Amino acid sequence: MRACISLVLAVLCGLAWADLYSAPTSCQGRCYEAFDKHHQCHCNARCQEFGNCCKDFESLCSDHEGFSHSSDAITKEEIQSISEKIYRADTNKAQKEDIVLNSQNCISPSETRNQVDRCPKPLFTYVNEKLFSKPTYAAFINLLNNYQRATGHGEHFSAQELAEQDAFLREIMKTAVMKELYSFLHHQNRYGSEQEFVDDLKNMWFGLYSRGNEEGDSSGFEHVFSGEVKKGKVTGFHNWIRFYLEEKEGLVDYYSHIYDGPWDSYPDVLAMQFNWDGYYKEVGSAFIGSSPEFEFALYSLCFIARPGKVCQLSLGGYPLAVRTYTWDKSTYGNGKKYIATAYIVSST
């Protein structure tokens, strides 16, 4: 999966933008401004996704509130070390023979807004669906049909759907992946017991907040893993299992990709463009072939250790950056913020 790495990494590192204009090179006074193609570097809300932020974006524009800002902060090296342990612990991941991908056409980041279908065939040629009978996969899939994808419509869970949330958390906590994460966070004095950790995960991921006019129309899980539609565009939807199942039903049309990760086994990473039943996703980054608990663990780690910031991981010796966002409009116990989204920024 290396077809377009050189092109995309050049863009991600900020090396592909010609200095044709005398544009600002700092985010001073520019945080979250609208995108302007004439600028040498950018300070808009998605610059980290495209890897073209100004060098001082993180220091000037990022939310520095959160758990890791005091003397007991989790260091970058500790995050990279635990992410490698989580990577090695993912025994439920797909093996090479379990998935056959057809990534087809690689485009440049400047073409992602064109909404042109450059790939006549599906992304997934084959998936060994025996994976989906594993307890964590089955529990994860049970959650995917519990949401209305349009924001602005309140979510209301039945007793069965609430039980499915608990069942998913119960199953993933049996895995080595989540045991590694809990052990690390317990050692870091973030949680006093496993039950406290599980309760916090439930609030952080399944707690409802408002993205639109309706109270309680979204959650971190719905946004990141299931996907939403807001103002005519796909938001979130960063999960390969969801993508495969929707593509199999004819609801997802794969258009192209801008990034294909350096890993030669699963999990890998793909940043792609697609149409979801009439709505377009300009850039959707996702792990490919990972177990549900692996993604849940890494995104949770990043949200807890680097809320609202870029989180530098290491997976199989390769660096990977994940960005999380907090939901400022609503909080749960002791002022903790809900997770709004988590997605892969880059691998450089």
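Residues numbered from 1 in each chain as written. Predicted model: local features only at pLDDT ≥ 70, side-chain atom pairs only at ≥ 80, totals over all residues. Heavy atoms only, no water.

Notes on the overall build of the protein chain
Heads up, the condition is: Only DSSP runs of H or I covering at least 4 residues are called helices, and only runs of E covering at least 2 are called strands; the numbering of each starts at the N terminus. For every accessible area listed, the method is Shrake-Rupley and the probe measures 1.4 Å; residues are considered covered only by the protein chains on display.
Summing up its helical and strand segments, the protein chain has eleven helices and ten strands in all. Carbon and sulfur atoms make up 48% of the accessible area of the protein chain, which totals about 15000 Å².

Overview of helix α5 (residues 135-143)
Each α-helix winds once per 3.6 residues, and so residues spaced three or four apart point in a common direction. Rule in force here: Type-normalised accessible area, obtained with a 1.4 Å probe on protein chains alone, sets the label of each residue: buried when under 20%, exposed when over 50%, and partly exposed for intermediate values. Think of it as the arc spanned by the lines of direction from the helix axis to the C-beta atoms. By definition, residues are in contact when any of their heavy atoms lie within 4.5 Å.
Considered for burial, the residues of α5 that qualify are T136, Y137, A139, F140 and L143. Burial along α5 is one-sided: seen end-on, the buried residues are contained in an arc of 165°. Its buried side turned inward, α5 meets α6 (159-172), α8 (194-206), α9 (220-226), α10 (240-248) and α11 (292-305).

Some words on the packing of α5 against α10
Keep this limit in mind: In this analysis an axis means a line fitted to C-alpha atoms, helices contributing only their contacting stretch, and an angle means the value between N-to-C directions, from 0 to 180 degrees. Two helices cross in a left-handed way if the nearer one is turned anticlockwise from the farther one by less than a right angle. They cross in a right-handed way if the turn is clockwise. Lys, Arg, Asp and Glu make up the charged group, whereas Ala, Val, Leu, Ile, Met, Phe, Trp, Tyr, Cys and Pro make up the nonpolar group; the residues left over, Gly among them, are polar.
Two elements in contact, α5 and α10, have axes whose closest approach is 11 Å; the angle formed by their N-to-C orientations is 65°. Remark: the crossing between α5 and α10 carries right-handed chirality. Here α5 contributes Y137, F140 and I141 to the contact with α10, which in turn contributes W240, I241 and L245. Residues of the contact of α5 with α10, tallied by class, amount to six nonpolar, no polar and no charged.

A word on the pairing of strand β5 (residues 252-260)
Which entries qualify depends on this criterion: Any two strands between which DSSP finds at least two bridges are classified as paired.
Among the nine residues of β5, eight are classified as buried, and the element is accordingly described as predominantly covered. Relative to strand β6 (residues 268-276), β5 runs antiparallel, the two being bridged by seven bridges. Looking at the pairing, H257 lines up with M272 of β6.

Quick notes on the nonpolar core
As a reminder, the rule being used: Nonpolar cores are built from buried Ala, Val, Leu, Ile, Met, Phe, Trp, Tyr and Cys residues. Side-chain atoms within 4.5 Å join them into one set.
If you look at the biggest cluster of nonpolar residues, it comprises 93 residues, and the most contacted ones within it are F168, F197, W205, F221, W240 and F296. Of all the elements, α11 adds the most residues to this core, at ten residues. Ignoring sequence-local partners within four residues, the contact set of F221 consists of F140, L143, L144, Y147, F168, W205, F206, S226 and F296. One finds C27, C43, C54 and C61 within the second-largest nonpolar core, a separate group that totals seven residues.

What to know about unusual backbone geometry
Cis geometry marks the peptide bond from Y266 to P267; its omega dihedral reads 5°. Relative to the assigned elements, P267 resides in the loop between β5 and β6. A positive phi is found at F237, a non-glycine position, where the angle reads about 65°. Topologically, F237 is positioned in the loop between β4 (233-235) and α10. With a phi close to 50°, D277 is a non-glycine residue in the positive phi region. By secondary structure assignment, the location of D277 is in the loop between β6 and β7 (279-288). When its relative accessible area of 44% is taken as the criterion, D277 is described as partly exposed.

Thoughts on the packing of aromatic side chains
What counts here: Pairing of aromatic rings covers Phe, Tyr and Trp, the last counted by its six-membered ring, and requires centre-to-centre distances within 6.5 Å; plane angles under 30 degrees mean stacked, over 60 mean edge-to-face, and any other angle means tilted. Geometrically, a charge over a ring is one whose NZ (Lys) or CZ (Arg) sits within 6 Å of the ring centre while staying within 35 degrees of the ring normal.
All told, the structure shown has 32 aromatic pairs when counted by the stated rule. Ring geometry for F132 versus Y244: centroids 5.9 Å apart, planes at 50°, classification tilted. Here Y244 lies in helix α10 and F132 lies in the loop between β2 (124-127) and α5, a separation of 112 residues in the sequence. Aromatic pair W263 and Y318: ring centres 5.6 Å apart, planes at 70°, arrangement edge-to-face. Here Y318 lies in strand β9 (residues 318-332) and W263 lies in the loop between β5 and β6, a separation of 55 residues in the sequence. For W263, a relative accessible area of 3% puts it in the buried group. For Y318, a relative accessible area of 32% gives the class partly exposed. Taken together, F140, Y147, F157, F168, W205, F206, F221, F225, F287, F294, F296 and Y299 form an aromatic cluster joined through their ring pairs. When the ring centre of Y325 is taken as reference, the NZ or CZ atom of R323 above it lies at 4.2 Å.

Some points on the state of the cysteines
Put simply, the rule reads: For this text, the term disulfide refers to a pair of cysteine sulfurs within 2.5 Å.
As enumerated under the stated definition, the model contains three disulfides in all. One disulfide bridge connects C27 with C43, the sulfur atoms lying 2.1 Å from each other. Across the disulfide from C27 to C43, rotation about the S-S bond amounts to roughly -100°, and the bridge is consequently left-handed. Of the two residues, C27 sits in the loop between α1 (5-12) and α2 (47-50) while C43 sits in the loop between α1 and α2, which places them 16 residues apart along the sequence. We classify C27 as buried; its relative accessible area is 0%. Between the sulfur atoms of C302 and its disulfide partner C311 the distance amounts to 2.3 Å. In this structure, the disulfide formed by C302 and C311 twists by about -75° around the S-S bond and is classed as left-handed. Residue classification places C302 among the buried positions, given a relative accessible area of 0%.

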